[in-house]
Amino acid sequence: MSTASVVAVPFATGRRRRIIWISSALVLVGLAIAGLSLGDAAIPVPDVFAALFGRGESGTRLVVVGWRLPRVVLGAAIGAMLALSGALFQVITRNPLGSPDILGFSAGAYTGALLVIVGGSVSTAALTAGAVGGGIAAAALVFVLVARRGAGGTRLIIVGIALTAMLGAVNTMIELAADDVVAHTAAIWGAGSLNGIDGRWIPLILGALALGGLAIAVMAPALALYELGEDRATSLGVRPVRLRISAMLIGVVLLAVTIAAAGPIAFVALAAPQIARRVWRSGPMPFAASAMTGAVLLLFSDLLAARLFAPTMLPTGLVTIGIGGLYLAWMLSGANRRRR
Amino acid sequence: MTTLATGGRRTLRRPPDAVVLPIVVLLLLAAVAVSIAVGPRTLTFDDLLAALTAPTGTEADLIVRDVRLPRTFVGIAAGSALAVAGVIMQTLTRNPLAEPGLLGVNAGASFAVAIAIVVLRIGEFGATMWFAFLGAAVASALVAVIGGVGRGASIGRLTLTGVAIGAVLSAATAALSLIDPHAYQSLRLWGAGALGGRSLDAAVLTLLVVAVGLVLVVLIAPGLGLLALGEDTARALGGRIGIARLGGFLAIVVLCGAATAAAGPIAFVGLLVPHALRAVFGPDTRRLLIYSALVGPILLLLADVLCGMLIAPRSIPVGVMTAFLGAPVLVALVLSRRVQAEGAPS
């Protein structure tokens, strides 16, 4: 199960890839338009386009461009970043389950951000710094714990699950100890939600996505070699320790920035790279395709979260847990069937 | 082989029951006393005595009879049930990480209770408990089928399946509580695992149901003991494996269902207690079952008292505390040689 997905998938032709790219882009645009159009006040699609191009009523423009557009843009970007973070960790750990939410980094980043909130600050910079610090601390802890015994098989994963449980308990204690207003803010944000996310996050999120994407593009050839095995990669000029550390830092930062903005949104990082790998039929980790899948997955989950029990809006994170957890169970049962 | 094994263990000088059992029982009584005596309101010994023996409806009587006694009863019942269920699950799955919280059984029970409360508008405790049984049964069957129990099953895969299904079910429970503001209030505390908030009747009912479950466990204990030696050995020694398995499954459903209906999904008690006891008493299933039933309540009651004191006057749900205490045990277990020797990483 641990490395099977690296080899088992047949490669796809360029034509097939092009078709998949075009259709997934269409799905993404479709979800974005649905996100702009649907809501407590549904706005017909022609009016949405009118508003986007600066025409139409000012009220409609406010709703579409001022309220819904930031949410759609941030949702897509956050989905892409989560997927990239997951893809990086799955490559480094050589494990399809080695995603930051299972390994406890999300919980750690959330602890960091929570401490900042309790400390009395909600500025984007402070939240992000707290989340990045917490995420890096959790990652360091996990790797120190498994360093002596090795990260083989599911050991790393179960250590991560335990750390997630423990940090989850710590987070609940912090929330409960905080005064009511802070606790309420933290609790809503803690479920992982695009509800109430606002435009002030756009520069930071898009900036982090661009920088992270660039760094991954630069590292991609080395990462592809790394996937072939450490010895082979070393003989081809890759420095595995340095690669692991830089990939891990980029992965934690990408993840932590999304958590600062939207709270912990589970399972996108886990599922998106694996789905992309199967759909695109790629040998090495398909980073661009993972980002696209993550964006589609999160926009879809967010639409579901907002409209399923309208007018009640569920936190987006609850829907992604549902989808991602079912996917994980399916994946495990698939491994089960193959083995017999 | 068995004689050799027991002979080998005897040389390790496990503490004899004649000494340990009275001590553990005394500790349990002490934990019960602390649980009843300690709370946000300080009561005198006379208050407590009067409330327990000759209540006259004073404020102290109400606090003891409506708040502390039910809380203590629920703690006894849930602590016993979860710890014993942990031993049974570890024996049946031959997975040292098996535990009602980790494998999603408690999440299944609480999802079913949430459906009863939110969708079917059933508020009566006795009725919701049936839903908890159903939820526990469906979740354990699901995890067993998907995660693959039995020969050649991987410890890691079963555990992961449990965590995944547990995560989905808890998310669904959270969603149910969020779409209904009224249910949100009643599910909020319970959803994190808390001993308080039940009536005395409900607490007594929980105790009775758990007692029935424990009787069932006594009946199947010999079969479980044989199963612990391995399926082939058990069969060779004439054990009726099918009956032991079915009985174990029923016991898990009754124990976890009752505990979850009363106290919400509490994780890690079933992991913490049996493994701590194994370190002291060795792998004898019969002893593990008996002591788990006694030590589970001690852990849960003391953890709950601690939860009430840490950030007083508020209180932390006890499930949060058990996760905080239990997670390091899980780390220690998965890093230990024992789990590896039994084939954890695959």
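As the structure is a prediction and not an experimental result, all values here were calculated from the model.

1. Observations regarding the overall build of chain A
Then comes step 1: Across its full length, chain A carries 15 helices and zero strands.
Then comes step 2: Taking 20 Å as the expected radius of gyration for a compact globule of 340 residues, we find that chain A reaches 20 Å, a close match to that expectation.
Then comes step 3: Expressed as lengths along the three principal axes of its C-alpha atoms, the size of chain A is roughly 65 × 55 × 40 Å.
Then comes step 4: Within chain A, contacts between residues separated by at least 24 positions form 77% of all contacts whose residues are at least 6 apart in sequence.
Then comes step 5: Of the roughly 14,000 Å² of accessible surface on chain A, a fraction of 70% belongs to carbon and sulfur atoms.
Then comes step 6: Counting 25 positive and 12 negative side-chain charges, chain A places the averaged centre of each group 17 Å from the other.

2. A look at the overall build of chain B
Then comes step 1: The number of helices and strands found in chain B is 15 helices and zero strands.
Then comes step 2: Against the compact-globule benchmark of 20 Å for 346 residues, chain B has a radius of gyration of 20 Å, which places it among compact chains.
Then comes step 3: The dimensions of chain B, computed from C-alpha atoms along their principal axes, are 65 × 50 × 35 Å.
Then comes step 4: Across the 346 residues in chain B, those meeting the buried criterion constitute 51%.
Then comes step 5: Just so you have it, chain B exposes about 14,500 Å², and 70% of that area is on carbon and sulfur atoms.

3. Structural notes on helix α12 (residues 269–281) of chain B
Residue and element names in this part refer to chain B.
Then comes step 1: Between its first and last C-alpha atoms α12 spans 18 Å; for 13 residues at 1.5 Å apiece the expected length is 18 Å, and the two agree.
Then comes step 2: Counted residue by residue, α12 has 10 buried out of 13 residues, so it is predominantly covered.
Then comes step 3: The complete set of buried residues in α12 reads V269, G270, L271, L272, V273, P274, H275, L277, R278 and F281.
Then comes step 4: One or two positions beyond α12, positive phi appears at G282, with a value near 80°.

4. A look at unusual backbone geometry
Then comes step 1: Although it is not a glycine, A:R94 sits at a positive phi angle of roughly 50°.
Then comes step 2: Overall, the relative accessible area of 26% leaves A:R94 in the partly exposed class.
Then comes step 3: With phi around 80°, B:F268 is a residue other than glycine that occupies positive phi space.
Then comes step 4: Here B:F268 shows up in the loop between α11 (241–263) and α12.

5. Notes on empty space enclosed by the protein
All names here are of chain A.
Then comes step 1: Here the structure, examined in full by the defined rule, presents one cavity of 30 Å³ or more.
Then comes step 2: Taken as a whole, the largest cavity encloses approximately 40 Å³ of empty space.
Then comes step 3: Lining the largest cavity, in full, are F267, V268, A271, L297, S301, T320, I323 and G324.
Then comes step 4: Elements that contribute at least two residues to the lining of the largest cavity include exactly α13 (268–280), α14 (287–307) and α15 (316–339).

6. Thoughts on the UniProt feature "transmembrane region" (unreviewed entry) in chain A
Then comes step 1: Here the UniProt feature "transmembrane region" (unreviewed entry) sits at residues 19–39, 72–90, 102–120, 126–147, 156–174, 204–225, 245–272 and 312–332 of chain A.
Then comes step 2: Between the end C-alpha atoms of residues 312–332 of chain A there is a gap of 33 Å, over a span that is 81% helix and 0% strand.

7. Some thoughts on the nonpolar core
Then comes step 1: Judged by nonpolar contacts, the single largest core of 198 residues is most densely connected at A:I78, A:I205, A:F287, A:L328 and B:I88.
Then comes step 2: Looking at this core element by element, the count peaks at 17 residues for helix α4 (residues 59–93) of chain B.
Then comes step 3: Residues in contact with A:L328, not counting those within four places in the same chain, are A:L97, A:I102, A:F267, A:L270 and B:A164.

8. A closer look at the interface of chain A and chain B
Then comes step 1: Taken together, the contact pairs 44 residues of chain A with 42 residues of chain B.
Then comes step 2: Carbon and sulfur atoms make up 76% of the surface buried where chain A meets chain B, a total of about 3,600 Å² over both sides.
Then comes step 3: Where chain A touches chain B, the interface holds zero salt bridges.
Then comes step 4: Taken together, the connections running from chain A to chain B amount to one residue pair in polar contact (both at pLDDT 80 or more).
Then comes step 5: Where the side of chain A that touches chain B is concerned, the elements lending two or more residues are α7 (124–147), α8 (155–177) and α15 of chain A.
Then comes step 6: It is α8(A) that provides the largest number of residues to the side of chain A that touches chain B, a total of 14 residues.

Rules and cut-offs
Residues numbered from 1 in each chain as written. Chains lettered and ligands numbered in written order. Predicted model: local features only at pLDDT ≥ 70, side-chain atom pairs only at ≥ 80, totals over all residues. Heavy atoms only, no water. Helix = DSSP H or I, 4+ residues; strand = E, 2+ residues; numbered from the N terminus. Rg over C-alpha atoms; globule rule 2.2 N^0.38 Å. Contact = heavy atoms within 4.5 Å. Areas by Shrake-Rupley, 256 points an atom, 1.4 Å probe, with all protein chains shown as cover. Lys, Arg positive; Asp, Glu negative; His and termini not counted. Charge placed at Lys NZ, Arg CZ, Asp CG, Glu CD. Buried < 20%, exposed > 50% of the residue type's maximum accessible area, 1.4 Å probe, protein only. Expected span 1.5 Å × (residues − 1). 1 Å grid on protein atoms, 1.4 Å probe; cavity = no way out; pocket = protein on both sides within 12 Å on 5 of 7 lines; lining within 4 Å. Points joined across faces, edges and corners; volume = space filled by probe spheres on them. UniProt positions renumbered as here; feature names shortened; annotations may be inferred. Core = buried A, V, L, I, M, F, W, Y, C linked by side-chain atoms within 4.5 Å. Buried area = accessible area lost by both parts, 1.4 Å probe. Salt bridge = Lys/Arg side-chain N within 4 Å of Asp/Glu carboxyl O. Polar contact = N/O pair within 3.5 Å; in protein donor to acceptor, adjacent residues only side chain to side chain.

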